[in-house]
Amino acid sequence: MPLFMDVHNIEGGVAAADVAAAHQADLATQPAHGVNYLRYWLDEGAGRIFCLVDAPNAETANRVHKEAHGLTADEIHPVVQG
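The structure presented is a predicted model; accordingly, all values stated were derived computationally and were not measured.

Rules used in this analysis
- Residues numbered from 1 in each chain as written.
- Predicted model: local features only at pLDDT ≥ 70, side-chain atom pairs only at ≥ 80, totals over all residues.
- Heavy atoms only, no water.
- Helix = DSSP H or I, 4+ residues; strand = E, 2+ residues; numbered from the N terminus.
- Buried < 20%, exposed > 50% of the residue type's maximum accessible area, 1.4 Å probe, protein only.
- Contact = heavy atoms within 4.5 Å.
- Lys, Arg positive; Asp, Glu negative; His and termini not counted.
- Salt bridge = Lys/Arg side-chain N within 4 Å of Asp/Glu carboxyl O.
- Polar contact = N/O pair within 3.5 Å; in protein donor to acceptor, adjacent residues only side chain to side chain.
- Core = buried A, V, L, I, M, F, W, Y, C linked by side-chain atoms within 4.5 Å.

Caption draft 1: Quick look at the environment of Met 1. As for its position among the elements, Met 1 is in the segment before strand S1 (3-9). On the basis of relative accessible area, Met 1 is assigned to the exposed category, the value being 60%. Separated by 53 residues in sequence, Met 1 and Asp 54 place their C-alpha atoms 6.0 Å apart. Apart from the residues lying within four places of it in its own chain, the contact partners of Met 1 are Gly 34, Asp 54, Ala 55 and Pro 56.

See below:
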């Protein structure tokens, strides 16, 4: 499956514990969609979250976020492995 990197921008910053909880919700929701959220990174102060996901397409990856916790990505980029 293709890899994607999505980006979330949260005004006012974001707490690491909240991101960890959202990631766990993604992991619980993903099997029904054939998606695999692999890893995430965050900048707490800037409110930026980056998620690496193995998914059939960007729309399906974002659907998991929407169903799991409602925080859909602001950007989704295909990742080309070299």
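Caption draft 2: Layout of the side chain of Asp 54. Turning to its location among the elements, Asp 54 is positioned in strand S3 (residues 48-54). We note that Asp 54 is buried and unpaired, the nearest opposite charge coming from Arg 63 at a distance of 15 Å. For Asp 54, the contacting residues outside a window of four places in its chain are Met 1, Pro 2, Leu 3, Gly 34, Val 35, Asn 36 and Leu 38.

Caption draft 3: Structural detail: the environment of Asn 57. Structurally, Asn 57 can be placed in the loop between S3 and helix H2 (58-68). Residue classification places Asn 57 among the partly exposed residues on the basis of a relative accessible area of 29%. With 18 residues separating them in the primary sequence, Asn 57 and Arg 39 have C-alpha atoms 17 Å apart. Here the side chain of Asn 57 touches Thr 60 through a polar contact of 2.7 Å, landing on its backbone nitrogen.

Caption draft 4: Local environment of H2. For H2, the complete set of buried residues consists of Ala 58, Thr 60, Ala 61, Asn 62, Val 64 and His 65. The inward-facing, buried residues of H2 contact S1, helix H1 (16-29), strand S2 (36-43), S3 and strand S4 (75-79). Where H2 begins, the side chain of Asn 57 points an oxygen toward the backbone nitrogen of Glu 59, at a separation of 3.3 Å. Downstream of H2 by a residue or two, Gly 70 has a phi angle that is positive, lying close to 85°.

Caption draft 5: Here's a closer look at the nonpolar core. One finds Phe 4, Val 14, Val 19, Val 35, Tyr 37, Ile 49, Cys 51, Val 53, Ala 55, Ala 58, Ala 61 and Val 64 forming the largest nonpolar core, which totals 12 residues. For this core, the secondary structure elements donating two or more residues are S3 and H2. Excluding residues within four positions of it along the chain, Ala 58 makes contact with Phe 4 and Ile 76.

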